[in-house]
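Reading the structure
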Amino acid sequence: MRFVVTGAAGFLGSHLTDRLLAEGHTVLGVDNLLTGRRENLSHLEDDPRFRLLERDVSRHIEIEGELDGIFHLASPASPVDYLRFPIQTLKAGALGTHNTLGLAKARGARLLLASTSEVYGDPLVHPQPESYWGNVNPIGPRGVYDEAKRFAEAITMAYRRAHGVDTRIVRIFNTYGPRMRPDDGRVVSNFVVQALRGQPLTIYGDGSQSRSFCYVSDLVEGIWRLFNAELHEPVNLGNPGEYTIRELAELVVAATGSASPLEARPLPTDDPKVRRPDISLASAELGWTPRIPLEVGLRRTVAYFHRLQALGRLETMPD
Ligand code: NAD
Ligand code: UDP
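Keep in mind that what you see is a predicted model, and the values were worked out from it rather than measured.

Rules of the game
- Residues numbered from 1 in each chain as written.
- Chains lettered and ligands numbered in written order.
- Predicted model: local features only at pLDDT ≥ 70, side-chain atom pairs only at ≥ 80, totals over all residues.
- Heavy atoms only, no water.
- Near = heavy atom within 4 Å.
- Polar contact = N/O pair within 3.5 Å; in protein donor to acceptor, adjacent residues only side chain to side chain.
- Areas by Shrake-Rupley, 256 points an atom, 1.4 Å probe, with all protein chains shown as cover.
- Helix = DSSP H or I, 4+ residues; strand = E, 2+ residues; numbered from the N terminus.
- Pairing = 2+ DSSP bridges.
- Axes fitted to C-alpha atoms, helices over the stretch in contact; angles between N-to-C directions.
- Buried < 20%, exposed > 50% of the residue type's maximum accessible area, 1.4 Å probe, protein only.
- Contact = heavy atoms within 4.5 Å.
- Core = buried A, V, L, I, M, F, W, Y, C linked by side-chain atoms within 4.5 Å.
- Nonpolar A, V, L, I, M, F, W, Y, C, P; charged D, E, K, R; others polar.

With respect to spatial proximity, 18 residues lie near ligand 2, and among them V187, T202, R211, D271 and R275 are the closest. One of the side-chain nitrogen or oxygen atoms of R142 is found 2.9 Å away from an oxygen atom of ligand 2. Coverage of ligand 2 by the protein chains reaches 95% of its 520 Å² of free accessible surface. Where the shell around ligand 2 is concerned, the elements lending two or more residues are α5 (187-196) and β8 (201-204).

What follows is about the sheet that holds strand β4 (residues 69-72). Pairing is parallel in the open sheet, where seven strands are placed in the order β3-β2-β1-β4-β5-β6-β11. Both edges of this open sheet fall to β3 (50-54) and β11 (235-237), since each of them pairs with a single strand only. In this sheet, adjacent strand axes meet at a mean angle of 20° when their direction is disregarded. Summarising the sheet, strand β6 (residues 167-172) and β11 pair through three bridges and their orientation is parallel.

A few words on the side chain of H15. Tracing the backbone through its elements, the reader meets H15 in helix α1 (residues 11-22). Under the relative-accessibility criterion, H15 is labelled buried at 17%. The contact partners of H15, leaving out residues within four places of it in the chain, are P178, R179, V216 and V220.

Further remarks concern the nonpolar core. Among the nonpolar cores identified, the biggest contains 61 residues, and F71, I223, L237, L286 and F305 are the most heavily contacted of them. Here the element with the most residues in this core is helix α6 (residues 216-227); it accounts for seven residues. Ignoring anything within four residues of it in the chain, the contact list for I223 reads L16, F71, L112, V170, I172 and L237. Grouped together as the second largest cluster of nonpolar side chains are 22 residues, V4, L53, I63 and I70 included.

Close to ligand 1 lie 29 residues, the nearest being D31, T35, L73, Y145 and K149. In the environment of ligand 1, an oxygen atom lies 3.0 Å from a nitrogen or oxygen atom belonging to the backbone of G10. Put simply, the parts of the chain that give the shell around ligand 1 at least two residues each are α1, β5 (110-116) and α4 (143-163). Among the elements that take part in the shell around ligand 1, β5 stands out by supplying three residues, more than any other. Here the residues of the shell around ligand 1 are counted per class, giving 13 nonpolar, 11 polar and five charged.

Below, the structure is given as structure tokens:
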């Protein structure tokens, strides 16, 4: 089959592209390189089944030839990135989702939307089942991402109901692994890079807030299963193992053998206090549960950043 992956040069998009190619399919990546990197796809340079189109999904998209499915991942995803690109984030979620749905409708292609646990905001229900409607501040700094994704879910359901487009929605919880940018700003990449550079690990607030961390290969497996299942309402995918940020910092220090201390920094506005997916739906309907424990995933992630460090790539970054 022939697929479009928007956001293919990003962290998740590049791993998903690898998986689709490994399944024997052809992939057209669409990415404007706002937060992604060509080097995430450099190993595919000579693969005739892959091509990257440098395009902004917020503008009309033309794709030639057969099209069986679209994976719409294009959007800034790290809080640091979406606070830096607030308008682009709103446009990727709103106009980008509208454009990719239009493409799916015109071509009779299936569309999977990458949504997020951020639709639950700072949740008042814990863990979060798909039935929870969330607690989002629409006008706070994170609103640009949360509301863009909530709109993206709404328009995806509308295209399904009004136009019969064949859609899937995945609500992705914090996912980590190789190919995150060293300066991406998310907690796992920040802590690993800081530990490898021997710098203090920056704990925002008192570090008692929790997150649940899913290794990238587990997430990609879940996305592929969802794409192939008849589930049209949103599905949570994430690892239910829940850690405080302080616990994560200690695990990263152990995984790197670093002597870095932990250092307190201000807590960002509207930072969710807890987050953990209820994955009963994915387990029952997709037979999916994450396999990679955090310690193992962290070791693989550390190995990736260690390779970058050996190439001198971590030392040139600003602190
Ligand atoms: P990423 O920043 O590494 O990748 C996003 C990609 O989208 C980048 O390559 C970027 O250049 C591209 N992009 C952004 N705006 C674009 C536009 N207008 N047109 C074309 N390309 C554009 O982030 P990621 O972690 O790989 O996230 C991928 C998707 O998964 C996002 O939609 C994100 O919201 C969602 N998600 C990720 C996580 C996670 O933990 N990684 C959690 C929840 C949701
Ligand atoms: N965080 C932190 N130090 C960092 C980066 C993030 O303590 O250097 C915290 C952040 O405040 C949040 C959690 O780690 O509570 C996860 O942050 P991330 O940016 O990875 O994603 P989020 O889950 O907030 O979208």
